[in-house]
Amino acid sequence: MLVVGILLIVAVIAWIDLPRLWRKKQKKDLSVYLILLLIGTGLSIAEGLNWDIPNPMDWLIYVYRPVGEWIFHQL
Amino acid sequence: MPQWKRWSRNKGRQKPMSQEKPDTVWLKSDLTENLLHIKQSFGNSSDLNIREIFLDRDEKICMAVLYMEGLADENQVQHFVIKPLIHDENNYMDGYDSFLEYIKMRVIAGGSVQDLHDYHSVYTSLLSGRTVILSEGIPRGIAVSSQGLESRNVSEPITETVIRGPHEAFCESLRKNIALLRWRIKSPNLWLETRKIGRVTGTNVAIMYINGIVNEKVLKELHSRLDRIDLDGVLESGYIEQLIQDEKYSPFPTIDNTERPDIATAALLEGRVILLVDGTPFVLILPVVFPQLLQSPEDYYNKTDYGFVRILRYISLFVSLLAPSLYVAVTTFHQEMLHTTLLISLAAQREGIPFPAFVEAVLMEFIFETLREAGLRMLRPVGTAITIVGALVLGEAAVQAGLVSPAMVIVVSITAISSFAIPSYELRLPIRALRFLFMALAASFGLYGIVLGGITLLLHLTSLRSFGIPYMSPLAPFNIEGQKDTLFRFPLWLMKTRPRLISQYNRVRQQSTGPRKPDSRP
Amino acid sequence: MIERGKISIRQFMVLTLLFVIGDAIILAPSHVIISAKQDGWISAWIGVGEALLLAVMYSLLGKRFPQQTLVEYSEQVWGRWLGKGISFLFITYIFIDCALMTYEAGDFLTIHFLMGTPIEMTISLFLLVVVLATRLGIETIARTSELLYPWVWILFLILIVSLFPQVEMENFQPILAEGFSPILKGNVYFLANVLELVILLMIFPYVNQPGKARKPYVAGMVIGTSVLAVISMMTIAVLGATVASIQQYPTYILAKKISIGDFLERVEAIVAIMWLFTLFMKISICFYASTLGLAQLFRLNDYRPLTFPLGIIAVALSLVLIPNPAFFNYTHTIWFPYSATFALLLPVLTLVLSAVRKRWFPIKKGM
Amino acid sequence: MRRKWMAIFICFLLVVTPTGCWSRRELDTLGLATGAGIDQTENGYRVSVQVVNPEQIAETGGQGPPVTTLQTEADTLFECLRKLTIKSPRKAYFSHFRMIVISEEVSRKGVRDILDFFSRDHETRTDFFIVIAKKTPALDVLSHFTHIQKIPSQKLFDSLTTSQEAWAPTVGVQLDQLITDIVSEGKEPVLTGVYVQGKNEIGNKEENIRRIHPPALLAYTPLGVLKKDRLVGWLNERESIGYNYALNNVKNTVGDVPCPKGGKLVIEVVRSKGDIRGSVENGVPHGKINIQVEGNIGEVSCQIDLNDAQTYYELEKRAEQRIKKYVLSSIKKSKQLQSDIFGFGDAIYRDNPRYWKKIKKDWDQRYPQLKVDVQVDVKLQGSGTVGNSFIQKMEK
């Protein structure tokens, strides 16, 4: 149900911009658009189904936490 | 692009523009043939009057006087065309290279005379009420002005009323309307261009502006948009409006209309262009900005009120747009916002009401809108009765029956009253429609929905342009000078310039200083 | 240029101001008060000074490249591929910021306003409007901000004036009880908000008088941070540091305290609405900047088609980034160093490098 | 352009229609709770919630009582409140709480659990008063028929608001004030008490409001002293007055002053300013209370010459002594209870945070030894609409 809903929304969204991009034959625009749309769809479905998605925040925390703690320690 | 749209576009392309001049067919020298041709063209319509006259005693020079019954003034035709022709004792004198020229210069007593060479111009002349004179042996004709269509007299405006200010409205006749404006602006700089629009109706459309004040860019844009129009008939200025407006699907008017000559005059003086269409008292004003729709001419005529009323109108705009949705949002989502006592009394009123607040609101608004519509279309004497029955009896009974809560009736009434405080009828329409949308938003997301809806509305409004002028100016883009005549109306002597974006040259409108007390010292 | 719109100096000022106030108006007080307690207002006012310096630095950068956005000139300054990489990281920074703020909006609304409505819905609806704004372009965003601007002031003034009777100066005492250390910590939290202003470098070139963008920028930044400082002061003065520090959204609680006579009470919606306005402006600008930046990065013809796909990603991302509210508090520690990378390190290095390149290796045209 | 709008509309529909209206609640599905009473049971709480019957309040009026008090028992407060649904057709709605009545028993055990719920729950606001039911169960207080204002908790709220403005011994304490005081290390909270005056058993019958002289009345008593979140004792009326003068809670009140030649004279206080300061002198903490009072003579029932300026000075001095006595007695009481309700600790912290850090751990022991200096300054301004009382003439 949820997946269908997401796909429906994606379809509506694609209906807005895709035909024009297609017609104009701008390959680069089109490919960037499609890649982003795909990422978005995948991400929302994964999130909707509660799959484990690698959290970019974890990476940021991994990189910056020592720095942050160092700064607060200094103060 | 969806398929159906492509088809419809192709269909449009099939018919080429074929409007004003088909192939020119020149007048013949044979009068009988000419007359026959004309008669046939009109399908022997009986209101085409043809009077044949012999000009000389020898009955050699046969002439035909043609006019449309009703369009031309019979009196004028008789006195200024037929009578001089018949009583002409001098007959044909030498010195004029053509007989027709002689008639034109010496005989005809009409005000304006025009040469005709082809059938098409004969038709247009006849149909505009002129009298056409054709003569045997000459492949030309002349048209004498004799327009005399009975039109409504100048009367009081019905849609835009004021207490103080001229009680005069445009009427259906283009000529009278132009005269009304000429009379107000006695300057040769008031320029007028006319063109015919409508393949079949050939309606006269006049563009008026004050040269030197008007924004040339707007004028140019207007011309190009008018050129693009290709339709069979123009019945009202609304036709033109819908075809030349900026944003196709916006519910908000980007072109204003008025039936008051004083408003039109003011618009001209601000550097706007007005568009008069024959056959309707409503003239178009463009470009228009949003704050303008909340102005009334009386703002300027009354001395004491420097904008209090205008603020009131802005408030009523908000109220008429948002009152029911706010009520729904607050009573179904944010009860914590209400004062305890108020909440208890509202809750008591809601006891036993079968519908949720949203349905109640929609129902009441719907009934009210129907009532308003019915009142508009109803015969005037019955209209009042319906209003009374509808508003008073129905409202009272609905409350008594426990179908709606009294508070809801109050909210709907306030909404209705506020909506009437918006001066522009054109603006009331989108507000009315959006009200329902906001109610739906409020019913599903409470205040959050209203805020988001409001932001979307603002986004839409700010993205609009009217002939290149940002719709929300001078609020956004903000212009400090423009504030003198936006939310408040500053004293007249402080409003020294014209609106900035609308008239780009010749900005200074007055240099007068404010009223002064007389110097007491000698 | 992808964006043809131009905004006026005043509009730029308004944008900057609303951007600074943004989400901070409801969060900043809690950040500074948690570590600096009753001295939080000092942290905030120090932050105003720092904002001034930052604004000057950013506008120097903007002045050096008056026709280009940060994404465009980083390619020139850093070289093609390195520049692209940096730009991409910068865009992700903006985008993550955008997603975080979207989460804030959803979180606040579900806690205080729309109990029971799933956070996905509130977020989607919000981003729908943001996407719409972005599609309409910078001109429309700027004009809308101009229309919202007076409302923000009016609501802010109502809030401040109506709380005046409840100010208790004792709440500020003692001053500097714990020394400067907590104040500086509070200041770091405050600064993390201000540093996001670097995002406006993506809009710098669209000011219609490029030479004059500096003044409104500085003015907007200083006035905006001052508003935040005043709100922080009010929070301390009215609620006291104790109550304020246990609240997640102290400004909202502050508004609950308003009670004048019997008629002006229960008006916390004022704060919520003001916050929705400023937050909307900030998210729109961030979203606009990231879509525009992405389009510029890939040299696309138009950024508009990217808006909807990015919108979906933003909705999903905001839910992925913050699996639970505790996580959200967690992010505060890393947010300052993360922001600082792009808001301090990147501009400074870019400035230096561009100066160096101009001196010794003049940039070739058409690079 | 149209496509965009269409799409947005569709998106909107997609978003809105399934959501239904999650957080919507119609007014007629709300049980409008205006007050809650919390009593102790063996291993949990008994919570009584007063729910308004809107129909009875509305102008048309009805036959039933204006409010219904429902009660449930459970281990925790939140459970109690949710459990109410088994007894009520409508879910109770807490945003309009006016009063939380805590029984003496519960408050002696500690109120922190209760407060956490109220400060955490999104529905509740912080603008209700918290009082302690003295010697009566909280349930009785909330199931009382009251006159004029039909809703008992609203009545309690209103009368506390008015009396804290016009009568010195009472003070209304709201949630955030209470939390601040509990959390604060240098100040202890107080709470006003409420009790049923008269025949308690009639109070919850409609008969109570049928009588011109109601047999049972809800009335406020002087303040209860808390230590942290536990009730430790009660102040009497005079001590409460002293406390409120010192804490600047007095706005307007009246107080009597003995006349030099016997009899009494009443002073109406129109302005009062209390100020508590702490200081450390020679390593010893000191407290200082400064009170400035402006008043008018409101009632004279003794022989006194009000045309003599000297009389005013004399009266001012007497009034000062009287207020000082009240303040000192309340300080004495609080020292007895070892509860620093005046916030001397906070005052010292404000003055000298470093010193406070050293002593705050054993402040409870130190507090009874604290030296407090009380200074009162009374200014009499007028004598009402007459000069000398007619009593003066009468008895000559």
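Residues numbered from 1 in each chain as written. Chains lettered and ligands numbered in written order. Predicted model: local features only at pLDDT ≥ 70, side-chain atom pairs only at ≥ 80, totals over all residues. Heavy atoms only, no water.

Caption draft 1: Spotlight on the overall build of chain D. Each helix and strand counted, chain D has 16 helices and 13 strands in total. Taken over the C-alpha atoms alone, chain D extends approximately 90 × 60 × 60 Å along its principal axes. Long-range contacts, defined as pairs at least 24 residues apart, comprise 71% of the intrachain contacts of chain D with a sequence gap of at least 6. A total accessible area of about 18,300 Å² is found for chain D, and carbon and sulfur atoms account for 50% of it. Taken as two groups, the 56 positive and 48 negative side-chain charges of chain D have centres that lie 3 Å from each other. (Helix = DSSP H or I, 4+ residues; strand = E, 2+ residues; numbered from the N terminus. Contact = heavy atoms within 4.5 Å. Areas by Shrake-Rupley, 256 points an atom, 1.4 Å probe, with all protein chains shown as cover. Lys, Arg positive; Asp, Glu negative; His and termini not counted. Charge placed at Lys NZ, Arg CZ, Asp CG, Glu CD.)

Caption draft 2: Region of interest: the packing of helix α6 (residues 119–163) of chain C against helix α10 (residues 269–297) of chain C. Residue and element names in this part refer to chain C. The interhelical angle for the contact between α6 and α10, taken along N-to-C directions, is 150°, at an axis separation of 8 Å. Pair α6 / α10 crosses with left-handed handedness. The residue makeup of the contact of α6 with α10, split by class, is 28 nonpolar, six polar and no charged. (Axes fitted to C-alpha atoms, helices over the stretch in contact; angles between N-to-C directions. Left-handed = near helix turned anticlockwise from the far one by under 90°. Nonpolar A, V, L, I, M, F, W, Y, C, P; charged D, E, K, R; others polar.)

Caption draft 3: The arrangement of the packing of aromatic side chains in detail. Residues and elements named next belong to chain C. What the rule picks out here adds up to 41 aromatic pairs over all chains. Here Phe 108 and Tyr 249 contribute two aromatic rings whose centre-to-centre distance is 5.0 Å and whose plane-to-plane angle is 85°, an arrangement assigned as edge-to-face. With Phe 108 in helix α5 (residues 80–113) and Tyr 249 in the loop between α8 (214–246) and α9 (250–256), this residue pair connects regions lying 141 residues apart in the sequence. Given the relative accessible area of 0%, Phe 108 is considered buried. (Phe/Tyr/Trp six-rings, centres within 6.5 Å; stacked < 30°, edge-to-face > 60°. Buried < 20%, exposed > 50% of the residue type's maximum accessible area, 1.4 Å probe, protein only.)

Caption draft 4: A look at the interface of chain C and chain A. Contacts between chain C and chain A engage 37 residues on the former and 34 residues on the latter. Between chain C and chain A, roughly 3,200 Å² of surface is buried when both sides are summed, and carbon and sulfur atoms account for 79% of that area. Taken together, the connections running from chain C to chain A amount to one salt bridge. Of the charged contacts in the structure, one is a salt bridge between Asp17(A) and Arg135(C), with a shortest N-O distance of 2.8 Å. At the junction of chain C with chain A, the criterion picks out seven residue pairs in polar contact (both at pLDDT 80 or more). The element best represented in the side of chain C that touches chain A is helix α11 (residues 304–321) of chain C, accounting for 13 residues. Residue composition of the side of chain C that touches chain A, by class: 27 nonpolar, five polar and five charged. (Buried area = accessible area lost by both parts, 1.4 Å probe. Salt bridge = Lys/Arg side-chain N within 4 Å of Asp/Glu carboxyl O. Polar contact = N/O pair within 3.5 Å; in protein donor to acceptor, adjacent residues only side chain to side chain.)

Caption draft 5: Inspection of α10(C) at higher detail. Residue and element names in this part refer to chain C. The end-to-end C-alpha distance of α10 is 41 Å, a good match for the 42 Å that 29 residues give at a rise of 1.5 Å each. Most of α10 is tucked away, with 28 of its 29 residues classed as buried. Phi for Arg 299, located one or two positions after α10, is positive at around 50°. (Expected span 1.5 Å × (residues − 1).)

Caption draft 6: Geometry of the domain arrangement of chain D. Residue and element names in this part refer to chain D. Each domain of chain D was delimited in the assignment, giving domain 1 (29–234) and domain 2 (236–396). Averaged C-alpha coordinates put domain 1 and domain 2 at centres separated by 31 Å. Each side of the interface is counted separately: domain 1 has 23 residues, and domain 2 has 29 residues. Taking both partners together, domain 1 and domain 2 bury about 2,000 Å²; carbon and sulfur atoms supply 55% of that area. Interface area lost by domain 1 to domain 2 is led by Ala 168, Gly 186 and Lys 227, which between them contribute 23%. (Domains from an automatic or database assignment.)

Caption draft 7: Representation of the UniProt feature "transmembrane region" (unreviewed entry) in chain A in the model. Mapped onto the present numbering, the UniProt feature "transmembrane region" (unreviewed entry) falls on residues 30–49 of chain A. The distance from the first to the last C-alpha atom of residues 30–49 of chain A is 28 Å, and the span holds 95% helix and 0% strand. (UniProt positions renumbered as here; feature names shortened; annotations may be inferred.)

Caption draft 8: View of the interface of chain B and chain C. Across the boundary between the two partners, chain B contributes 27 residues, which contact 31 residues of chain C. Summed over both sides, the interface of chain B with chain C buries roughly 2,700 Å², with 73% coming from carbon and sulfur. Connecting chain B to chain C are one salt bridge. Arg465(B) serves as the salt-bridge partner of Glu139(C), at 3.2 Å between the closest nitrogen and oxygen.

Caption draft 9: Focus on empty space enclosed by the protein. Per the stated rule, a full pass over the model turns up five cavities of 30 Å³ or more. Of the pockets and cavities examined, the largest cavity occupies roughly 170 Å³. In this structure, the largest cavity is lined by 14 residues; those nearest its centre are Glu104(C), Asn193(C), Glu196(C), His332(C) and Trp335(C). Among the elements that make up the lining of the largest cavity, the one with the highest residue count is helix α12 (residues 325–360) of chain C (four residues). In terms of residue class, the lining of the largest cavity is made up of six nonpolar, four polar and four charged. For the second largest cavity, the calculated volume is near 70 Å³. Looking at the second largest cavity, the residues that line it are Glu336(B), His112(C), Met115(C), Tyr252(C), Lys256(C), Glu268(C), Tyr93(D), Ser95(D), His122(D), Glu123(D) and Arg125(D). Considering only residue class, the lining of the second largest cavity consists of three nonpolar, three polar and five charged. (1 Å grid on protein atoms, 1.4 Å probe; cavity = no way out; pocket = protein on both sides within 12 Å on 5 of 7 lines; lining within 4 Å. Points joined across faces, edges and corners; volume = space filled by probe spheres on them.)

Caption draft 10: Layout of the sheet that holds strand β6 (residues 190–197) of chain B. Residues and elements named next belong to chain B. A sheet is described by the order of its strands in space; here five strands give the open sequence β6-β7-β9-β10-β8, paired in antiparallel fashion. The sheet is open, and its two borders are formed by β6 and β8 (256–258), each paired with just one other strand. For this sheet, the mean inter-axis angle between neighbouring strands, taken without regard to orientation, is 25°. As judged from the four bridges shared by strand β7 (residues 203–210) and strand β9 (residues 273–277), these two strands associate in the antiparallel manner. Bridge assignment links Ile 207 to a residue of β9, and that residue is Leu 275. Of the strands in this sheet, β6, β7 and β9 are in contact with helix α6 (residues 174–184), which crosses β9 at around 150°. (Pairing = 2+ DSSP bridges.)

Caption draft 11: Spatial organisation of the pairing of strand β2 (residues 62–68) of chain B. Residues and elements named next belong to chain B. Judged by how many residues are buried, β2 sits mostly within the fold: seven of seven residues are covered. Side chains Cys 62, Ala 64, Leu 66 and Met 68 project from β2 onto one buried face, and the interleaved Met 63, Val 65 and Tyr 67 project onto a second face that is buried too. As paired elements, strand β1 (residues 48–54) and β2 share seven bridges and run antiparallel to each other. Across the sheet, residue Glu 52 finds its bridge partner in β2, namely Ala 64.

Caption draft 12: Region of interest: helix α5 (residues 112–120) of chain D. All names here are of chain D. If you check which residues of α5 are buried, you get Ile 114, Leu 115, Phe 117 and Phe 118. Along α5, the residues classed as buried sweep out an arc of 160° about the axis, all on the same side. Summarising the geometry of α5, the exposed residues directed more than 90 degrees from the buried face are Arg 112 and Arg 120. (Arc of directions from axis to C-beta.)

Caption draft 13: Quick look at the sheet that holds strand β3 (residues 113–116) of chain B. Residue and element names in this part refer to chain B. Spatially, the five strands line up as an open sheet ordered β1-β2-β4-β5-β3, and their pairing is antiparallel. What marks the edges here is a single partner per strand, and that holds for β1 and β3. Pairs of neighbouring strands in the sheet enclose a mean axial angle of 25°, with direction left out of account. Across the face of the sheet, helix α2 (residues 31–41) comes into contact with β1, β2 and β4 (131–135) while running at roughly 15° to β2. Packing of helix α5 (residues 119–127) onto the sheet brings it into contact with β1, β2, β3, β4 and β5 (141–144), and relative to β2 it is tilted by some 55°.

Caption draft 14: Region of the structure containing the pairing of β7(B). Residues and elements named next belong to chain B. The element β7 is extensively covered by neighbouring structure, given that seven of its eight residues are classed as buried. In this structure, β6 lies alongside β7, joined through eight bridges in antiparallel fashion. Note on β7: the bridge partner recorded for Leu 192 is Met 208. Between β6 and β7, which pair antiparallel in sequence order, lie five residues; one of them, Gly 198, sits at a positive phi of approximately 110°.

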